[in-house]
Amino acid sequence: RLYVGKEVHESLKHTTVYVFFWATLIAWKLCFSYVFEVYSMVLPTIELTDDYANFPDQSFIKMSLLLLLRWLPQFIVYCIDMTIWYSVWQAFAGTSVGFSEHLGDIRSMKDIRNSFGRAPEHFCSKMLSPDAGSRRGSSASFLNTQSESSLDSRRQSLMNPNSKEGQSLLGNDPHKLQGYVNRLLDVRIQKWVMFSTVWNEVIDQFRAEDLISNKERDYMKFSRFDGFSQAIYLPVFQTAGVVEEALALLERPVDDYDPNDNDLFKPILDHVTMRTAVSEVWELGNYILLKLLGPVHNDDAVFIMNFILKWVESGTVVDHAKITKVRSVVSSLAQLVDVLSQGIGRRKPAAQRRSTGKSKKAPENNVPPQRGGFRRAISASSLSATSAQAPAPSNAKAYENVVIADALRDHTRDKCRAFINSLKGIMIGSDPESKEVMDRLTFSLSMENGFFWDDAYASDALDDMARSDIFKSVLTKLQGLVSCHPDEVEPKSKEARRRLTFFVNSLFMDMPNAPSIHDMFSWNVLTPYYKESVTLNKAELETRTDALGVSTMLYLQTLFKADWANFLERMGLQDEEKVWSKKFVDETRQWASIRAQTLNRTVSGMMYFEKALRLLANLERLDDDTTNDLMGEKFGYIVSCQVYGQMKKDQDSKADDIDKLMHRYPHLRIAYIDSVRLNRSGDMAFYSCLVKSDGNGKIQEIYRVRLPGNPVLGEGKPENQNHAMIFTRGEFVQTIDMNQEGYFEEALKMRNALQEFAKRDGPMPTTILGLREHIFTGSVSSLANYMALQETSFVTLGQRVLTKPLCIRLHYGHPDVFDKLFFITRGGISKSSKGINLSEDIFAGYNNAIRGGQVTFKEYIQVGKGRDVGMSQIYQFEAKLSQGAGEQSLSRDVYRLCHRLDFSRLLSYYFGGIGHYFSNVLTVLTVYVVVYLMAILALYDLEKIGDRLITPMGTIQMLLGGLGLLQTIPLFSTLGVERGWWASFRELVQVFVTGGPLHFMFHIQTKANYMTQTILVGGAKYRPTGRGFVTQHTPMDEQYRFFASSHLYLGVEMGAGLIIMGIYSDAGQYFGRTWSLWLASLSFLASPFWFNPLTFEWNVVTADYAKFISWMTGKSGGATRSWSIWWSEENSFYSKMPAASKLWFVIKSILYLTIAEGIARSDLLKADTTLNKPAIAISFVVAAIVVLFVFWWLLSMVEHLMPYPIRRTIGILIGIGLMVSCSTIFIEDSNFIRYGLAAYYGIGAMCQIGLLFGIKSVKNFYFVHDLVCGHIIFIPLFILAIFQLPHHIQTWLLYHNALSTDVVVSNILRYARKSQESGGQVAPNEDLVEQISELRKIVQKQEQLIGELGTRAATSSTAGMTQNPSTDAIASLIKPGAADEPLNIRHTVNIGSTIRPAMGGRTMSTSTLDVWGEMAFGDGASAGTGYQTAPPMHSNPTTMGDFSFTQPEAMPPR
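No experiment lies behind these values; they were computed from the predicted model shown.

Caption draft 1: The arrangement of the packing of aromatic side chains in detail. Under the counting rule described, the total for this entry stands at 76 aromatic pairs. An angle of 80° between the planes, with centres 6.2 Å apart, marks the rings of Tyr608 and Phe744 as edge-to-face. Of the two residues, Tyr608 sits in helix α29 (residues 608-619) while Phe744 sits in helix α34 (residues 744-747), which places them 136 residues apart along the sequence. No difference in accessibility class separates Tyr608 from Phe744, as the two residues are buried. Considering the side-chain rings of Tyr1152 and Tyr1241, the 6.2 Å spacing of their centres and the 65° angle between planes classify their relative orientation as edge-to-face. On the criterion of sequence distance, the pair formed by Tyr1152 in helix α52 (residues 1139-1161) and Tyr1241 in helix α55 (residues 1231-1252) is long-range, its members being 89 residues apart. The exposure class of Tyr1152 is buried, given its relative accessible area of 10%. An aromatic cluster is built from Tyr1040, Trp1098, Tyr1105, Phe1108, Trp1111, Trp1126, Phe1274 and Phe1278, whose rings are joined through pairwise contacts. The ring of Phe508 has Arg118 sitting right over it, with the charged end atom 4.4 Å from the ring centre. The residue whose ring lies beneath Arg417 is Trp453, and the NZ or CZ to ring-centre distance is 5.6 Å.

Caption draft 2: The arrangement of the environment of His1265 in detail. Within the element layout of this structure, His1265 appears in helix α56 (residues 1258-1283). In this structure, the C-alpha to C-alpha distance between His1265 and Tyr1240, residues 25 residues apart in sequence, is 9.2 Å. In this structure His1265 touches Tyr1049 and Tyr1240, once residues within four positions along its chain are discounted. A polar contact of 2.9 Å, which involves the side chain of His1265, links it to the side chain of Tyr1240.

Caption draft 3: Representation of the nonpolar core. Ranked by internal contacts, the top residues of the largest apolar core, which has 98 residues, are Trp199, Trp523, Ile658 and Leu748. In terms of residues, this core owes the most to one element, helix α7 (residues 187-208), which gives nine residues. In this view, Ile658 contacts Tyr529, Val534, Leu599, Cys641, Tyr644, Met647 and Ile670; residues no more than four positions away in its chain are not counted. Formed by 63 residues, the second largest nonpolar core is a distinct cluster that contains Leu250, Trp311, Leu445 and Ala466.

Caption draft 4: Spotlight on a nonpolar patch on the surface. Judged by side-chain polarity, Val1182, Val1186, Val1187, Val1190, Phe1191, Trp1193, Leu1194, Met1197, Val1198 and Leu1201 come together as a nonpolar surface patch covering roughly 940 Å² of accessible area. Tracing the chain through its elements places Val1198 in helix α53 (residues 1178-1198).

Caption draft 5: Expanded view of the packing of helix α42 (residues 915-939) against helix α46 (residues 996-1016). The interhelical angle for the contact between α42 and α46, taken along N-to-C directions, is 105°, at an axis separation of 8 Å. With respect to their mutual orientation, α42 and α46 come out roughly perpendicular. Touching His916, Tyr917, Phe918, Asn920, Val921, Thr923 and Val924 of α42 are Ile1004, Gln1005, Lys1007, Ala1008, Met1011, Thr1012 and Ile1015, all from α46. Here the residues of the contact of α42 with α46 sort into eight nonpolar, five polar and one charged.

Caption draft 6: Local environment of the pairing of strand β4 (residues 684-693). In terms of burial, β4 is largely enclosed, as eight of its 10 residues are buried. Here eight bridges tie strand β3 (residues 668-677) to β4, and the two strands are oriented antiparallel to one another. Bridged to Ile673 within β4 is Ser688. Connecting the antiparallel pair β3 and β4 is a turn made up of six residues, with Gly682 showing a positive phi of about 100°. The pairing of β4 with strand β5 (residues 699-707) spans eight bridges and is antiparallel. Among the inter-strand pairings, Ser688 is bridged to a residue of β5, identified as Val705. Where β4 folds back on β5, the antiparallel hairpin that results is connected by five residues, among which Gly695 adopts a positive phi of roughly 90°.

Caption draft 7: Focus on unusual backbone geometry. Here Lys804 and Pro805 are connected by a cis peptide whose omega angle stands at 20°. With respect to the helices and strands, Pro805 occurs in the loop between α36 (782-803) and β9 (817-819). Unlike most non-glycine residues, His102 shows phi in positive territory, near 65°. Tracing the chain through its elements places His102 in the loop between α2 (60-100) and α3 (109-115). The phi torsion at Gln651 lies on the positive side, around 55°, for a residue other than glycine. Inspection of the secondary structure assignment puts Gln651 in the loop between α31 (644-649) and α32 (653-664). Since its relative accessible area comes to 72%, Gln651 is described here as exposed.

Cut-off values and rules
Residues numbered from 1 in each chain as written. Predicted model: local features only at pLDDT ≥ 70, side-chain atom pairs only at ≥ 80, totals over all residues. Heavy atoms only, no water. Phe/Tyr/Trp six-rings, centres within 6.5 Å; stacked < 30°, edge-to-face > 60°. Helix = DSSP H or I, 4+ residues; strand = E, 2+ residues; numbered from the N terminus. Buried < 20%, exposed > 50% of the residue type's maximum accessible area, 1.4 Å probe, protein only. Lys NZ or Arg CZ within 6 Å of the ring centre and 35° of its normal. Contact = heavy atoms within 4.5 Å. Polar contact = N/O pair within 3.5 Å; in protein donor to acceptor, adjacent residues only side chain to side chain. Core = buried A, V, L, I, M, F, W, Y, C linked by side-chain atoms within 4.5 Å. Patch = residues over 30% accessible without salt bridge, like charges linked within 9 Å, V, L, I, M, F, W, Y side chains within 5 Å. Areas by Shrake-Rupley, 256 points an atom, 1.4 Å probe, with all protein chains shown as cover. Salt bridge = Lys/Arg side-chain N within 4 Å of Asp/Glu carboxyl O. Axes fitted to C-alpha atoms, helices over the stretch in contact; angles between N-to-C directions. Parallel < 35°, antiparallel > 145°, perpendicular 65-115°, else oblique. Nonpolar A, V, L, I, M, F, W, Y, C, P; charged D, E, K, R; others polar. Pairing = 2+ DSSP bridges.

Pasting the structure below:
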C-alpha cells in the first residue's frame, strides 16, 4: 500500500486545459496513424492472406512471418510518432504561453529605444518597494543634491558662466531653490532618476566585465550635470539620430500657405524623445559655446540667445529666420563638436595662462528684457564653471609677441567661424531684430582681443576646457546628439545587447511587486564544487599541452577579441606583454576565468545578488549599518567544496584561489568535509566544517559538526549538497551548479522572484521555483551551438509547457529555488544512492510531487549556464543523461508517482521526461528493422506478393524523414518567440547547412545505446565531462575507442545491409526508399570526424592512420595503447548480462544467419566450374591457406625467441602468401566471393553467441572486423585530404558561429597546423620568433626616431624657441641632452633570479635592446622581468657620428 502521493492532484481549471491538450493530440495521432501507417498496410495484408487461402502450396507460418515482417516497422513507427506530435503540440502551446507572458516583445536595441519611455514606470512599480524614493529620508539623497548654501557658492548661471561674481544657479531667492527641489521630487522625475541610477549601475557593470568599451559606456549611460535644468539627461543611444529626424520634419514640403511656428514645430513637440533631444541640444550647445568663446564674447552671445528665446516664446521664429535651412547650422555645430571632442581629450594644458586678461568692451546695445520662461530655461541650465579668471602672470608680456603653435585652436576657430556664418545665413536680413543679431555675430568675428584673433586667449580657453571633466562629459553628450547615427552608439557586443534586451523586456512581463528589503524573503545560494578550476593561473593559460600548440589564453583572446581590447583599455595598457606584470596579473587571471567554466565565474556572478540588494537598499534610504545587518540576514552564499580541507593539506593552489574569493567577498562561506585520524588503527572522524574570511587576510572556522561516519556513499555531488544544507540560514535555497553564472541586472529581480512562493495557484503550495537558463557556450563552434540550441529549447520552451498547461514540471537541475523548510522535513534536495540516483536532481522533483508540493517556472529572470563544447564531452553528457533516465525508470519514486497521476498527466510525464529516451531507442530500432527487413525481402525475393506488381515501401521513408524534420519545430518556436520568425528560420537553415542533422541523429543513437545498455545490463556511472575548451584535434584511435561500440559498428552494419538490399532488390526507386536510412548510417560514421578540427589535413590523416595501426597492433600499455586490452574492457559486460537480456543478442545472431543463408543461396557472381576448370585446384589453394594460418599461429607462439629480422621476414612472407592465395581463389572461382560474404555474416553470428558465453577465441575475428571498419573510415578520409578543399569547407562550417562574430578561429587552427607540421611539438623558440619580429619593428622605429633627432640637433638652433606642451608630441619622448651624448649601452638580462652580463659579440641595437642575446634561452626567462641597463661596455666600439655600435662576431641564426 502506498502511503505517499495522496496530494498529486490539480485544480479543475488546470485539469481542463491539459486534458484538452492531450485529447486533441491523441485524436490527431489516431487520425494520422490510420491514414499513413495502418491504411497503407491493408492491401498487402489482404493480398498475403488471399494467396494463403487460395493457393494450396502456401504455408501458414510463412504467411505469418511475412505479415509480421511487413507490419513490424509500421507498428514501431505507430508507437513513436506520438513523441513527434507531442513536440509539435509543445511548440504551439509554448509559443502561445510565451506570447501571453510578453516574452520577446523587445528583441533589439531599436525596440529598447521605442519602449524606453515606459521603462521607468514599470521598473519603479515592480522592482522597487513603496519605500523607495519616499520623502522620509533626505530629499533625493542619491542625486547628490547640494544644500542652498552649496548651490549659491558652487554653481554659476549659464547666463554668464564667465562672470567674476558667483551668481548662483537659482539666484539668491530661496523660493526658487524650493521650487527646484520640489521639481526634483516630482513623482515622475523621481522615477526617472531612480531608474537612471540602476541603469547606470548596470552599464558600469557591463564595463567592469569588459563587454563594452569606455566610449560605448558613455553612450549608454544617463548623464547628470549638477544644476542644469533637468535632473538627468537621456543616454546618447536613446537620442542619437533624433535631431536628424527633427530636421527632416522641419524640411518637409509644406502647402501653399506660409506655415507658422505651431505648424512647423507641432510634430516635434508631440514626440517626447524628439522634444527632449532638441531642448538638450539647445541647452548643452549654449553651454559649450559660452565656455568656448569665454568672457570677451559673453555679452554678445547672451544677447543673441535672449533674442532667439524671445522669438520662440512669442511664436515668431518663422518671421525672423529661415527654419527650413537650419540643417546647415546643426551641421556646422556637429563639425565643431567633432573637432573639440577629438582634440580636448588628448590636449595637455599649459602650466601658465598666456593671455593678459585685458578685454575690450562690446558696444552698448540694449539687451531685450528677460522673460520668466527664459529665466527658468537658462538659469537652471548652468554648470559649475571655472572660478573667477586668474590675474595675468607677471611674465605675460613675454607671450604677447610669440607665435603660439596650436593646431587644435586653429581648427576650432575655422569650425566656429563656419558655425557663426551659417547662423548668419539663416537670418532674414529684412527683419530689424535679425539684422541686429547678424551685426552682433559679425562684430564677434572681428574682435581683436576675442577668440578669433587673440591666440593666447583662445589657447587658454581650450586649456580651461581640457582641465574640466564636466565639460568633456557635456561634449560627449552633445556629440552623440548631433553627430552620431543610432547604429554607431549601440554596443557592438552581442552579449551586451542580449542582456540589455532581456532586462528591458522583463520589465514589461508579469512579475510580483517587490516588498521592502526588511520584508523580503531570505534565501541562500548553494553550489557543490569538487576539484574543478577555480581561477585560471598563468601556467594554465599559457601552457600549450595539446598537439595543436594553442594556449587557452590565445584561444580566449581570439574568441573574445573585442572583450580583450576593452580589457586593455580599462587597464590603460598599450603593450599586451604587461598583462602578466605584478600589477595586472590578478586582473588578467580574472578576465580569463570569467570567460571559462570556473568557480570564479560562478561566485562572481552569484555575489551580484549582494551588490544588487545594496543598491536597492540605497534607493530605499537605508543607512550603511542597517544595510550591512540586512545583507547577512537576507542573503548568503555557501560553496560546498567537498575536498577543500584536503586541498589545504596538500597545499593545492586551488585552495589559495578559494581563499582569495573569500577575502574578496566577505559574505561568501565555504563548507567542506574534514577527516581526522583518531588512532593508529586508522579510525577516522568526519566533520562538516564552515569557514569564512575574518577580514584581516586570514581564514576563520565558524562551525565544526561531527558526523556519524563518512557521508560520501554514492556519487559525491548529492552528499556534497546535503552536508552543507545545515549551514544555510535563509527560508529558501537556490541550487547553482559549478558551470553557471549570474548577471547583475537579473540579480535586481530576485526579491520579486521569491514572492512567487507567497502566491498559491491551485490546491498545493509552491515549493520549487524554476528559473530560465541562458546557454553561454554557443558561440564557440557549430557543435557548441547545436548543444546550446538544443538545451535552450529544453530549458525554456520545454519547461514552460511542462509547467503551463501540463502541470508536471519536476526539478531538472539548477538554478531552481527550493522551499527549504518543506524539503529538509521531506528527505532533502538530493538523493545519493549509487547507481539508481545517477541523475540526482530529478529525484527532488519526484519527492516534491509525491509529497504534495507544486512547481512553478518563471522566465522574467535568467541565469547563465555553460554546456559541453566538444564531441567527446557532449557524448559523455548524453550518455550520463541516458543512463540516468534508464535508472529512473527502475526506481520506486517513478513507480509511486505513476500510480498516483491521472492519465493525462501520466502522458505528460512520460513524453516530457524518460519517454524521450525510450522513443530514441524505438527510433533506432525502427531504422535497424527497416534496413534488415528490406534486405531480407530482397534476398529471398519476397518484395512482390505472388505475381503482382511490386509496391515499394516508400511511405515508411517519408514518415522517418518527415517526422525527423518535425522535431525541429520546438526549436523554431523557441527562437521565433524571442528573436523573431525570420531570425529563427535563418538559424535553422544555418544549422542544416553546417551538418546539424548529422549531429542530432548521431546523438539519438548515443541516447538509445546507453538507455538500452542500462536497462539490459546496468552499470550506470557518473561521467565527469570536463569544462574546458576544445581546440585540439582528437586522434583517430581515440575517436574509434569512444564511438566504435555505440555508433561505428552500427553505421557499417547498416551501410552493408543497404548495399546488399541494393544488389538484390528488384523494386526500383532505390534512393527514394533508402535516403533516410543512408543519412542515418552516414551520421553514425561521419559525425565524429566531421566535427573534429583538421580531420581533412593530409599530415593529420597520415599521423592518425599511423597511430590507429599502432594501437591496433599494441600488446600493452592499457586501453589507450592496445586494441586487445580495450576490446576486453569494452565487452566485459556481456558476461554479467542476465539471461533475459541475452535473448535480444541471440535474435540479432539469428538475423545475421538469415542474411548469410540468403547470400549463400543467391545467384550473385555465380560461376559454373564444370565448364571452365581452374588452373590451380581450389582444394590445393584452400589447403595452402590453412597451412599459412597454422604457420602464423606457430610464429605468434615462438616469436619472442626469434631475432627481429627473421621474425619480420617470416611474417611478411606469410602475409604475402595469404594475400596471393585469397586473390587466387576469388579469381579462379567467383562463387567464393559470395561464400566469403555469407561467411562474414555467419562468423558474425557465431562470434555474437561466443561473446555471450565467454568464448575468448572470437577475439581474433573481432580484430579483423575492427581493421575492416577502420579502413572503411580511413579510405574516404585519405581521398578527401588529397583534394584539400574539404578542409577549408569544414573549418568554415565548423566555426561559422565564431566567424560570424568577427572571431578568426581559423587563425588558431592555422597556428596549430604549423605547429603540427613541425612535428607536433611547440618549442620555446616558436614564441621567440614572434617576439623577435615585434622587437625588430620597435627597433627600426626607434632607430629612425633617434636618427631624426641627431639630424635635427646638428642642423637646428634652439635659441629663442619655446615649447608648447599641447602641440609638441616629440618633445615628450626625448630627455634634454639625449641627442648630445654618444649612445653606448650594454645590457644585463634577468633570467630567473640571476643577472648575467650580455656576452660580447652579440648584436646590439640603438634602441638599447639586445636583439639576439637572451632570446636563445627561450621560455625560461621570466615574463615579468625585462631588459635592464648596466654600466657602459667599452669593447672596441666603431664610432659613427654621435653613436657607437658593437659589431657582431657572427651573424645571428635565421
